[in-house]
Amino acid sequence: QYYLSTLKSIIDIYKYYNEYTKCIQAANKYLKLDRYSESIVRLLMLSYARTGNNPMVKKVYDRFKETVQDELQCGLSQKTETLYTQLSESALNFM
């Protein structure tokens, strides 16, 4: 638990300083230990979007949604759904 808390703080620092590649690396480490952390998934999607890797935004979202539905028999939070919609729409605006 202490390790995850420290890792979350590191992720927040990377995000604050717009170090999105490092944020992605740290978020993936976090999710290896806590695969159901929706807040970290949101940070990961946002980080991929900020680096211009929109296909990974969709991949992270789809994989997490499938995992939550299959293993926990529930849906994603409205916050996650809204973020995904916003990121998807902004990606379309750049095309």
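Residues numbered from 1 in each chain as written. Predicted model: local features only at pLDDT ≥ 70, side-chain atom pairs only at ≥ 80, totals over all residues. Heavy atoms only, no water.

1. Here we look at the overall build of the protein chain
- Secondary structure assignment for the protein chain yields 5 helices and 0 strands.
- Taken from the N to the C terminus, the helices and strands of the protein chain come in the order α-α-α-α-α.
- Here the C-alpha atoms of the protein chain give a radius of gyration of 13 Å, agreeing with the 12 Å that 2.2 N^0.38 yields for 95 residues.
- Each principal axis of the C-alpha distribution contributes one length, and for the protein chain these read about 40 × 35 × 20 Å.
- Across the 95 residues that make up the protein chain, the buried fraction comes to 35%.
- Considering only residue pairs separated by 6 or more positions, the protein chain has 51% of its internal contacts joining residues 24 or more positions apart.
- With the model as given, the accessible surface of the protein chain reaches about 6300 Å², and the carbon-plus-sulfur share is 52%.
- Looking at charge distribution, the protein chain has the averaged site of its 13 positive side-chain charges lying 6 Å from that of its 10 negative ones. (Helix = DSSP H or I, 4+ residues; strand = E, 2+ residues; numbered from the N terminus. Rg over C-alpha atoms; globule rule 2.2 N^0.38 Å. Buried < 20%, exposed > 50% of the residue type's maximum accessible area, 1.4 Å probe, protein only. Contact = heavy atoms within 4.5 Å. Areas by Shrake-Rupley, 256 points an atom, 1.4 Å probe, with all protein chains shown as cover. Lys, Arg positive; Asp, Glu negative; His and termini not counted. Charge placed at Lys NZ, Arg CZ, Asp CG, Glu CD.)

2. Focus on a nonpolar patch on the surface
- Taken together, Ile13, Tyr16 and Tyr17 make up a surface patch of nonpolar side chains, about 410 Å² in accessible area.
- For tyrosine 16, the position within the fold is in helix H1 (residues 2-16).
- Assessed through its relative accessible area of 63%, tyrosine 16 is described here as exposed. (Patch = residues over 30% accessible without salt bridge, like charges linked within 9 Å, V, L, I, M, F, W, Y side chains within 5 Å. Salt bridge = Lys/Arg side-chain N within 4 Å of Asp/Glu carboxyl O.)

3. Quick look at the pattern of salt bridges
- One pass over the full model with this rule turns up 3 salt bridges.
- Residue glutamate 71 is joined to arginine 35 by a salt bridge in which the shortest nitrogen-to-oxygen separation is 2.5 Å. Taken together, the positions of glutamate 71 in helix H4 (residues 54-72) and arginine 35 in the loop between helix H2 (20-33) and helix H3 (38-50) put the pair 36 residues apart, joining distant regions of the chain.
- Since its relative accessible area comes to 43%, arginine 35 is described here as partly exposed.

4. Looking at the nonpolar core
- By size, the foremost hydrophobic cluster in this structure holds 26 residues, and its most contacted members are Ile11, Ile40, Leu44, Met45, Val57 and Leu87.
- Elements represented by at least two residues in this core include exactly H1, H2, H3, H4 and helix H5 (78-93).
- In this structure valine 57 touches Met45, Tyr48, Ala49, Tyr84 and Leu87, once residues within four positions along its chain are discounted. (Core = buried A, V, L, I, M, F, W, Y, C linked by side-chain atoms within 4.5 Å.)

5. Structural notes on the side chain of arginine 42
- With respect to the helices and strands, the residue arginine 42 is situated in helix H3.
- Here arginine 42 sits buried without a salt bridge, and the closest side chain of opposite charge, glutamate 38, lies 4.3 Å off (N-O distance).
- Discounting residues that sit within four places of it in the chain, arginine 42 has contacts with Ser77, Lys79, Thr80 and Leu83.

6. Quick notes on unusual backbone geometry
- For asparagine 18, which is not glycine, the phi torsion reads 60° and is therefore positive.
- Among the secondary structure elements, asparagine 18 is positioned in the loop between H1 and H2.
- Phi at glutamine 73 is positive, roughly 50°, even though this residue is not glycine.
- Locating glutamine 73 in the fold gives a position in the loop between H4 and H5.
- Since its relative accessible area comes to 61%, glutamine 73 is described here as exposed.

Geometric descriptors of this kind do not, in isolation, establish any biological role.
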